[in-house]
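Residues per chain, in single letters:
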Number of protein chains: 2
Amino acid sequence: MARIRELGERRVVDMIMSRLEAMPSMPVPFWDDVSAIDIGQGRAVVLKTDMLVWSTDVPQGMSHYQAARKAVVMNISDLGAKGVAPTAVLVSLGLPRDLTSDLVEEMARGMNDGAREYGAYVVGGDTNETDDIIVSGMAYGLASIRRIMKRSGSQPGDLLATTGLFGNTGAAYQILLRGLEAPKKLRSSLVESVYTPKARVKEGLALAKRGAATSSMDSSDGLAMSLHDLSRSSGNGFRIEKLPLSSQAMEFAELHELDASDLVLYGGEEYELVFTVKPAYVTRAREALKAVGGELILIGSVTSEREVVLDVDGEVTRIEPVGWDHFTSKRS
Amino acid sequence: MARIRELGERRVVDMIMSRLEAMPSMPVPFWDDVSAIDIGQGRAVVLKTDMLVWSTDVPQGMSHYQAARKAVVMNISDLGAKGVAPTAVLVSLGLPRDLTSDLVEEMARGMNDGAREYGAYVVGGDTNETDDIIVSGMAYGLASIRRIMKRSGSQPGDLLATTGLFGNTGAAYQILLRGLEAPKKLRSSLVESVYTPKARVKEGLALAKRGAATSSMDSSDGLAMSLHDLSRSSGNGFRIEKLPLSSQAMEFAELHELDASDLVLYGGEEYELVFTVKPAYVTRAREALKAVGGELILIGSVTSEREVVLDVDGEVTRIEPVGWDHFTSKRS
C-alpha cells in the first residue's frame, strides 16, 4: 500500500477530492484557492482554510506572534487574490501543554493583528492539545459572484502581471534553512519577507472592482507553481518575458553566485498576486492598483500551449511545476 | 511563567479572547458555540471550527473513517444546536507522511459521509504534514438571526430538557480507556455512541423553526459542563429533577457498581441538545421534535440561583463544572 510521502501532496489532494460529492452549482470550482457558496441575489459566501504547522512551516527566528499572524494572513491572502474582502477569521489552535502563557498571548495578538490589518476580525475558534503548535486558520468574506477572480478565465493573448517583485523569500530561505550569509541590512530585509508577509488585499479588491483581471491567484506556492496552477485551471500556458526580480534578491544572488531566476520562480511563501489582463485593460488595471498604492508589473503573456516557459532574449527555457511538497518534503 | 497545563483550557481561551478586538454588533456573543456575522436583511453567516487530534480525541478501536466523520459531525452539531442548517464544511488535514493512501481515502469518505448525512457538502480544505493526524473541521450555515438559539435566553421558571438519554459515552470511555468489560451486545452499543455520534440537526432546526426554545447547546463537553456553560451565559442556574439515564448506561453501572449519575453528568462527547423551554411551549416543542422523529425529555428547570444542582427525592447535590480539560488532561 502506497504511503503518502511516495504520492506527494497533489496526488493526495486529488485522491481526497475524488471521494467527495460536489455541491451542486458551486460559484467557484474545486481546485481554486477558495470555496464559495451561492446565497442568492448574485452573492456568495467565500471561505478559505489553511493550516500552519510549527515544525514544517516556521523557520528559525520567527516569533510566535509572527507565526500566528502569518497563519491568519495566508488565509486572508487567498480571499484578497480572488477580489474578496475578508470580514472574519476563525482560528483552531493546537497547543502543546508546556507552552507558556506569554507565548499564547503573543499568538493571540498576532492572530488579532493579522486580521485587523486587513479589516477583518477574529470571531471564533477552538483550542486543543497537540504535540506541535498548529494554527488552523479560516477566512470568510461575502462577494458578488461575478466579481470573483478565478484561476481560470485567461485567454491566449492576455498579458501576465504581478503586484510586486519576487526572490526575497527564496533568498531568505537560503539564509534560514541553508545558513547562507548576507550583510546585516540585506539579511534583515530578506528574512522580514518570510516573517511578516503582506497580503495584497486592497490590490485584489481594486482589480475585481474594476473588472480588470481575467484570472488571479496569490503566489504562496511560488511563482512557477502558481503559473502551473493557473495553467491547469485555464487550459492555457504562460510565457514569462521579464523576470520580476527584486533588487535585494539580485544582490543576494550575486553575493553567492546563485541563479537569480531560481529565487524568483521557486521561492514560495510570497503573497504577491499573479494575474492576467486583456491588453486593452492594462491601463485600467495599472490605475486601479496605483490608486490603492500598488503597482502592476508586466512579466509576460498567456499562450495557447499548455506549458510555462521563460523567454528572455530569445532563449526559451521550460519552467517545471516545482514547489514545496509537504509529504515528500522536497521540491516535486 | 505559567505553562498552559497549569492554567487549564478555559483560562487559556479567556486569555486569548481578551487579546482579540471584538467585531462590532455580532449577532451571537463570544463564548457561544458558534460565530455569526450579520449580512443584512436579518440574516447571518454562522461558522464553527473545531479540531480533532488523533492522540487525544480518538480512542482505541475507532477507525480512520469514524474519526474523520466525527470531526465533521462535531462541527455540524454546534450549528444544529443553534437551529442553523449546515450547508458546507471545510476540512484542514494534518497527515503524517507514513500514512497509507487507503487510510486517507477512508478519511475522505468519512468526511464526505459526515457532511452528507446532515445535508451539507465538503467544499474545500487543505492538507499538511504533521506528526499526529489532525482533522480541523469548519461548518457553515446561513440563518435568520432571530431564530438562532443562543446559550443565553433562558428565564427562571423555564423548563430544562434534552433530546435524548445520557450515559452511553461515559460507559464507553470506561470500557475504552479503563478496560472495563461488558457483554458483547451491550459493549458494542456503548462504544458505537463514541465511534459514530449523531448530531441533533433536525431536532435543532425544528425547535428553532417553532421558536420553542429559549436557549440551547449541544452536550459535547458533558451534561454537567454544558449546564454550567448555559448558566454562565444566561446568569441563571439549573435544577435537575430527573437524570436522563439510558437503560444501557444503567445496566453498565449496575454491572460495575458505578454511580450512574457520574456517567450521565460527566461522560462527554455526547451530542444531545440541552435546551430550555417556557412551560407554555413544552407541548409545542414536544410536537416539533416528534414531527422529525425526535423526543423531548424533561429533566428539570431553570432557577434564579447561579448554580447547577441535582434534586432527586428531596436530596440536593451540587453539580460542579467538571469536564475534560485538554491541557491538564484531567477533569477540572
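Colleague: Explanation requested: the interface of chain B and chain A in the structure shown.
Modeller: Where interface size is given, it is often the accessible area lost as the parts come together that is meant. Contact with chain B, which involves 63 residues of that partner, is made by 63 residues of chain A. Contributions of two or more residues to the side of chain B that touches chain A are made by helix 1 (4-7), helix 2 (9-18), strand 1 (35-40), strand 2 (43-53), strand 3 (88-95), helix 5 (101-116), strand 4 (121-129) and strand 5 (134-144) of chain B. Broken down by element, the side of chain B that touches chain A gets its largest block of residues, nine residues, from strand 4 of chain B. For the side of chain B that touches chain A, the per-class residue count stands at 31 nonpolar, 16 polar and 16 charged.

Colleague: How do you make sense of the sheet that holds strand 5 (residues 134-144) of chain A when you look at a structure like this?
Modeller: Residue and element names in this part refer to chain A. Read across the sheet, five strands follow the order 1-2-5-3-4 without closing on themselves; strand pairing throughout is mixed. Both edges of this open sheet fall to strand 1 (35-40) and strand 4 (121-129), since each of them pairs with a single strand only. Strand after strand, the sheet turns through a mean of 15° between neighbouring axes, direction not considered. Here strand 1 runs beside strand 2 (residues 43-53); their pairing, made up of five bridges, is antiparallel. Paired with Ile37 across the strands is Val45, a residue of strand 2. Of the strands in this sheet, strand 2, strand 3 (88-95) and strand 5 are in contact with helix 4 (residues 64-81), which crosses strand 5 at around 30°. Each of strand 3 and strand 4 is contacted by helix 5 (residues 101-116), which is oriented at about 150° to strand 4, the strand it contacts most.

Colleague: Could you clarify how one ought to interpret the pairing of strand 9 (residues 273-277) of chain A in this entry?
Modeller: For a regular strand, side chains alternate in direction, first toward one face of the sheet and then toward the other. Residue and element names in this part refer to chain A. A large share of strand 9 lies buried, amounting to five of its five residues. Residues Leu273, Phe275 and Val277 line one face of strand 9 and the alternating positions Val274 and Thr276 line the opposite face, and both faces are buried. With four bridges joining them, strand 7 (residues 215-218) and strand 9 adopt antiparallel strand pairing. From the neighbouring strand, Ser216 faces strand 9, where its bridge partner is Phe275.

Colleague: Teacher, can you tell me more about the domain arrangement of chain A here?
Modeller: Residues and elements named next belong to chain A. Under the domain assignment used here, chain A contains domain 1 (33-146) and domain 2 (159-331). Here domain 1 and domain 2 have C-alpha centroids that lie 23 Å from each other. Residue-level contacts link 20 residues of domain 1 with 21 residues of domain 2. The residue inventory of the side of domain 1 that touches domain 2, partitioned by class, reads nine nonpolar, seven polar and four charged.

Colleague: I'm lost on the sheet that holds strand 7 (residues 215-218) of chain B in this one. Help?
Modeller: Picture the strands of a sheet paired through backbone hydrogen bonds; they go either parallel or antiparallel. All names here are of chain B. As summarised here, the arrangement of the seven strands in space is 7-9-6-10-8-11-12, forming an open sheet in which the pairing is mixed. Either end of the sheet is taken by a strand with one partner, and the two such strands are strand 7 and strand 12 (315-318). Direction aside, the axes of adjacent strands within the sheet are offset by 25° on average. Relative to strand 7, helix 4 (residues 64-81) is tilted by about 170°, and along the sheet it contacts strand 7 and strand 9 (273-277).

Colleague: Explain the relation of the copies chain B and chain A here, please?
Modeller: Both copies of the chain are related by one operation, a rotation about an axis with a shift along it. Its rotation angle being 180°, the transformation that places chain B on chain A also includes 0.0 Å of axial translation and leaves an RMSD of 0.0 Å. Both copies of the chain, as the preceding transformation shows, are related through a two-fold rotation axis. Scanning chain B for the C-alpha nearest the rotation axis identifies Ser136 of chain B, at a separation of 3.5 Å. Most of the interface of chain B is mirrored in chain A: 100% of its interface residues are interface residues there too.

Reading the values: the criteria
Residues numbered from 1 in each chain as written. Chains lettered and ligands numbered in written order. Predicted model: local features only at pLDDT ≥ 70, side-chain atom pairs only at ≥ 80, totals over all residues. Contact = placed C-beta atoms within 7 Å. Helix = DSSP H or I, 4+ residues; strand = E, 2+ residues; numbered from the N terminus. Nonpolar A, V, L, I, M, F, W, Y, C, P; charged D, E, K, R; others polar. Pairing = 2+ DSSP bridges. Axes fitted to C-alpha atoms, helices over the stretch in contact; angles between N-to-C directions. Buried ≥ 20, exposed ≤ 12 C-beta atoms within 10 Å, placed from the backbone. Domains from an automatic or database assignment. Least-squares fit on C-alpha atoms with pLDDT ≥ 70 in both.

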